[in-house]
Number of protein chains: 2
Amino acid sequence: MKALLIIAHGSRRKSANDEIENVANQVSQTQSNGYDIVIHAFLEFAEPDIANGINQCVESGATEVTVVPYFLAAGSHVVRDIPTELSSCRKNHPELTINLSQHFGVINSIAKSIVECAQMKTG
Amino acid sequence: MKALLIIAHGSRRKSANDEIENVANQVSQTQSNGYDIVIHAFLEFAEPDIANGINQCVESGATEVTVVPYFLAAGSHVVRDIPTELSSCRKNHPELTINLSQHFGVINSIAKSIVECAQMKTG
């Protein structure tokens, strides 16, 4: 059973964290996404944290988790903090396969998506 | 003359900031992107900062700048910090039209892009 765990930075603003939950729900509803469950977690400022996100995957019956760092650039959170957390999770769940994908900013459609975003006016 | 200003968070890691420059270059090379110039700037930790990014737009001959907050969720940086910086920029450049787009995380293709990202393995 395959799980997708989306790890976002997290914010002190609840509405920003709600956005991440909403995005995870959108992914969950994407047909043929390839995952039985989609969970989100936060590095800082919000719950569930990464360890609890992994726990949720396991409790849902996942045997394999693909972790997506939902970050636009590979700063310290992507290069150091998330791998460190996952290393700890692997020790706690030796039976679980944890795959780490590249961070979100490397998707091929990024430039096209920025042009799309620029057309979405505020207010 | 129209400019696109991509505002990223900025990192202490130079390679993360280089990613943003690379993304801005990709947008610049995207055909029919609708902008004469594409500039990037950082909220924290790196140069150019937002004021200097706007200055670069003006020095390049821009009369209208569309600002894209290159952030995945509308935390304090999107809701408070960027608008505050832009308010100051508007005072310094009263002749310049500054449009603020929604933040990057609201693009329609976000869920599909996360699934794409999950397939991009590390290592």
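Keep in mind the model is a prediction, meaning the values are calculated, not measured.

## Concerning the overall build of chain A
Counting its secondary structure elements, chain A contains 4 helices and 4 strands. Overall, chain A shows an N-to-C arrangement of helices and strands of β-α-β-α-β-α-β-α. Compactness check: chain A gives a C-alpha radius of gyration of 15 Å against a globular reference of 14 Å for 123 residues, within 12% of the reference. Expressed as lengths along the three principal axes of its C-alpha atoms, the size of chain A is roughly 45 × 30 × 30 Å. Partitioning the intrachain contacts of chain A with sequence separation of at least 6 by distance along the chain shows that 74% fall at a separation of at least 24. Just so you have it, chain A exposes about 5700 Å², and 45% of that area is on carbon and sulfur atoms. When the 9 basic and 13 acidic side-chain charges of chain A are each reduced to a single mean position, those positions are 8 Å apart.

## Quick notes on the pairing of strand E4 (residues 97–100) of chain B
Consecutive side chains of a regular strand alternate in pointing toward one face of the sheet and then the other. All names here are of chain B. Along E4, the buried face is formed by Ile98 and Leu100; none of Thr97 and Asn99, which line the opposite face, is buried. In the sheet, strand E3 (residues 64–69) pairs with E4 via 4 bridges, with the strands oriented parallel. By the bridge assignment for E4, Thr66 is matched with Asn99.

## Looking at the sheet that holds strand E2 (residues 37–42) of chain B
Strand order in the open sheet formed by 4 strands is E2-E1-E3-E4 (chain B), with parallel pairing between adjacent strands. What marks the edges here is a single partner per strand, and that holds for E2 and E4 of chain B. Ignoring which end each strand starts from, the neighbouring axes of this sheet average 25 degrees apart. Sitting on the sheet, helix H4 (residues 110–118) of chain A is in contact with strand E1 (2–8) and E3 of chain B, with an inclination near 115 degrees to E3 of chain B. Sheet contacts for helix H1 (residues 14–28) of chain B: E1 and E2 of chain B; angle to E2 of chain B, the most-contacted strand, approximately 160 degrees.

Rules and cut-offs
Residues numbered from 1 in each chain as written. Chains lettered and ligands numbered in written order. Predicted model: local features only at pLDDT ≥ 70, side-chain atom pairs only at ≥ 80, totals over all residues. Heavy atoms only, no water. Helix = DSSP H or I, 4+ residues; strand = E, 2+ residues; numbered from the N terminus. Rg over C-alpha atoms; globule rule 2.2 N^0.38 Å. Contact = heavy atoms within 4.5 Å. Areas by Shrake-Rupley, 256 points an atom, 1.4 Å probe, with all protein chains shown as cover. Lys, Arg positive; Asp, Glu negative; His and termini not counted. Charge placed at Lys NZ, Arg CZ, Asp CG, Glu CD. Buried < 20%, exposed > 50% of the residue type's maximum accessible area, 1.4 Å probe, protein only. Pairing = 2+ DSSP bridges. Axes fitted to C-alpha atoms, helices over the stretch in contact; angles between N-to-C directions.

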